[in-house]
Amino acid sequence: MKNQTGERAESASIRLFSGAALAALSVALVATPVSAQEAEEEEAFLDTVIVSAQKKSEGEAAQDVPIALTAFNANTVRAVLADDLRDVGFYSPNTQLYETSLAPGTASFAIRGLGTPESTASLDPAVGLIKDGIFYGQRFGSFLETFDVESIEVLRGPQGTLFGRNVTGGAVVVRTRRPGLDAGVRGELRSVIGSDNRLDLMGYVDATLVEDKLGIILSAARLKSDGYVDNLNAIGGTLGDKDVDNYRVAIKYDEDGIGDLTFIVEHNQNDSDTALAVDPTYSTGYFTADRNSDNQVDITSSTYILEANVNAPGGLVTAVAGYRDTSYGGNGKNDLDGGPTASFETRGLIEHDQSSLELRYATQNLFESFDFTVGLFAMDQNLDLVEARYLGPPLAPAQIIQAGGATQTTSSYAVFGQGDYYISDQLTLTLGARYTFEEKDFRLATRTTGGCNSAPLFGTDTLPNLADCALTDEASKDWSDFSPKVTLTWTPNDQFLTFLTASKGFRSGGYNNRATASGLGPDGLPIAFDEESLKSYEAGFKSDFWNGRWRLNGSVFFNQVEGLQRSVTGPPPTLAQTVLNAGDADISGIEIETSVALLRDGFFDGDSLVFTGNYGYTDADYTFFDTDGDGISDSDQLKFSKVSPVTYATAFLYRTPIGGYGDIRARIAYRYESSSESTAANDRPQIPSVKELDASIGYTSASDTISVNLFVKNIDNYKAHYHLLSIINDTIYPSPGTSSGLELIYKF
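Residues numbered from 1 in each chain as written. Predicted model: local features only at pLDDT ≥ 70, side-chain atom pairs only at ≥ 80, totals over all residues. Heavy atoms only, no water.

Draft legend 1. Focus on the overall build of the chain. Counting secondary structure elements, the chain contains 4 helices and 38 strands. For 748 residues, the compact-globule formula gives about 27 Å, and the C-alpha radius of gyration of the chain, at 26 Å, lands near that figure. Dimensions of the chain along its principal axes, counting C-alpha atoms only, are 75 × 65 × 55 Å. Relative to its 748 residues, the chain shows a buried fraction of 57%. A fraction of 69% describes how many contacts in the chain between residues 6 or more apart in sequence connect residues 24 or more apart. Surface exposure of the chain reaches about 28,600 Å², of which carbon and sulfur atoms provide 56%. Mean positive and mean negative side-chain charge positions of the chain (56 and 101 charges, respectively) differ by 3 Å. (Helix = DSSP H or I, 4+ residues; strand = E, 2+ residues; numbered from the N terminus. Rg over C-alpha atoms; globule rule 2.2 N^0.38 Å. Buried < 20%, exposed > 50% of the residue type's maximum accessible area, 1.4 Å probe, protein only. Contact = heavy atoms within 4.5 Å. Areas by Shrake-Rupley, 256 points an atom, 1.4 Å probe, with all protein chains shown as cover. Lys, Arg positive; Asp, Glu negative; His and termini not counted. Charge placed at Lys NZ, Arg CZ, Asp CG, Glu CD.)

And the structure:
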């Protein structure tokens, strides 16, 4: 916990650095950019970024792909000093890539109004996360830092044809660094020292074992900081501590003329704080709390991936096999009431493993006027979990434990294909389709007082065992879906592309692992909720003007959603959570992205100034909404929860060389997200808007071996919270205030 003297010193340093950064920007406003080769970071938003969104035999330039997407290469990620996917999401319109409020390292992504804000483990995501070719079937343990990332693609809109189920909102495709196979050894060491005792240590080594044939990358990251909320309770400390370790090994073998083979092993350990709940009733300031317990939870994940690319007659055969296991919880706990009494705490253990295989063939100059990709996909998942809620007054007349558990196995199979028919040099017709079959087998121990033999455990830090839970007989249900896509693309010249797309998306049905007795049918088996489906219509364009100095992309979309899956929480003391196909909705919107090299070689030789910005608007209207499952629409006037109708972000990036000694760079960025509803029923205070101003200034040596960057995030200490939960009072989850730091990079 910081003392007041330390806070004043930090505040003074922030003001000093903020002034320096803004002064540097004022100089930048009369300067001009250099060539793309010399200004690779400042003009990163104008670079040609190669993407794999269409799973063709070769990567494509993002500007040539008729999909609404924002692509980031390593230069772009570094240019904006993005620490994680949350930072990346700011630069994509109608996109919010957050962690869930209740668990560290757990994705809570939303794109174009569709997402999964709940922490219920048996719910599937609406925005898919694909890393190194495998789909992450569980959101726990899936939030990603950006160190050692080669590229990130944020695909907006349903991507069901090529990426399958659970991508109705969109998909985030991440590719980590691969061995270069050039002779010698290269690498990078990076450290960040900052506010709240932040100390990040990261590095990788890329070594060629056999030139042009065999190489290996070893990477490691240690991320640690204290929390940004001071706990004034007698237990002391801070809330929001971060403690992450990540290790990765990638081995690549390339046989000229035949193909290549890559094996990746990654291990992640996240011991960060969870559930940063604060009851403002007991706070003396926005970043203070009076809580009777801290929150710390262990998330461990290990991932194994084998990717093979083999040249075949007329094309390329690709196989991606993956296995991933995740463990969340144990005796870690969540203090959800956010106050000084033990009124509402939870503990849980989630064990999940998945195995998947995708096999596809993509043509490569096989036909003059037609290219296609076809493939098969299979995935199996196993989920075991037990959860307990520890309740006390005033939520319960006496201290009690409500506990329950569940097991679930999921098998999913698909066949897919997509092809481009080149009608003319300017006109292309794309047709695609995917057939998916999925089956879920589920057993449930409903959450009850004393369930899972938990009554003797009150007052201890011990979690009930799943073996002690009285599980139902197995319930089983399957779903199938046909997801077609048609796109017409017109490319009158190399600088302009426009497209029209109609497609369908599908989000799996399933079971509610937090159900109470009301979640059982007359036969005593768990009741399933059905799939969520979406029809999407979109028009967009991509363009480059002014000899490549100005990039402007845009799209408009209209989605019709049927069977929206929503989680509704009842009143205390049971706080029962029911998952329903609660509604239908129409979602429309607009997206604009632009990057401009405003000046080049103007005030100084080699100066550069780049502006980048995006704007997104989402209008989500229920056409039917039923919160109690009686089949009667309660209200179609409610707004979507956790969806900001308006998002935008802007940034200026400036660079000036200093003789032959390197260059100085400055950046200032601002982002905005409008307020949103905190609950599906719109019956509690809203989540406030987000207004964040960031800045940085840095130096890079002429040899590009040494970089030093100073940065400040949330300069004006704007106070916002990203979640609100009504327990005793309206408990909030504060977003970080002002933070600053120094980044040091050494390349060899």
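Draft legend 2. Summary view of the pattern of salt bridges. Tallied over the entire structure, the rule returns 42 salt bridges. Measuring nitrogen to oxygen at the nearest pair gives 3.3 Å for the salt bridge that ties lysine 56 to glutamate 60. Residue lysine 56 is classed as partly exposed on the basis of its relative accessible area, which comes to 30%. Classification of glutamate 60 as buried rests on a relative accessible area of 15%. Each of Asp83, Arg86, Asp87, Arg198, Asp200, Arg671, Glu673, Glu692 and Lys713 takes part in salt bridges that share partners, so that together they form one network. (Salt bridge = Lys/Arg side-chain N within 4 Å of Asp/Glu carboxyl O.)

Draft legend 3. Spatial organisation of the sheet that holds strand β14 (residues 229-231). Strands sit in the order β15-β14-β18 across an open sheet of 3 strands; the sheet is mixed. The open sheet terminates on both sides in strands that have one partner only, identified here as β15 (238-239) and β18 (288-289). In this structure, β14 lies alongside β18, joined through 2 bridges in parallel fashion. From the neighbouring strand, asparagine 231 faces β18, where its bridge partner is alanine 289. (Pairing = 2+ DSSP bridges.)

Draft legend 4. Region of the structure containing the packing of aromatic side chains. In the structure shown here, the tally under the stated rule is 19 aromatic pairs. Where tyrosine 622 meets phenylalanine 640, the ring centres are 4.7 Å apart and the plane angle is 35°; that geometry is what we call tilted. One end of the pair, tyrosine 622, is in strand β31 (residues 608-625); the other, phenylalanine 640, is in the loop between β31 and β32 (646-657), with 18 residues separating them in the sequence. Grouping residues by exposure puts tyrosine 622 and phenylalanine 640 together as buried. Three or more aromatic residues joined by ring pairs form one cluster here, namely Tyr361, Phe367, Phe370 and Phe372. Over the aromatic face of phenylalanine 163 sits the side chain of lysine 55, whose NZ or CZ is 4.6 Å from the ring centroid. (Phe/Tyr/Trp six-rings, centres within 6.5 Å; stacked < 30°, edge-to-face > 60°. Lys NZ or Arg CZ within 6 Å of the ring centre and 35° of its normal.)

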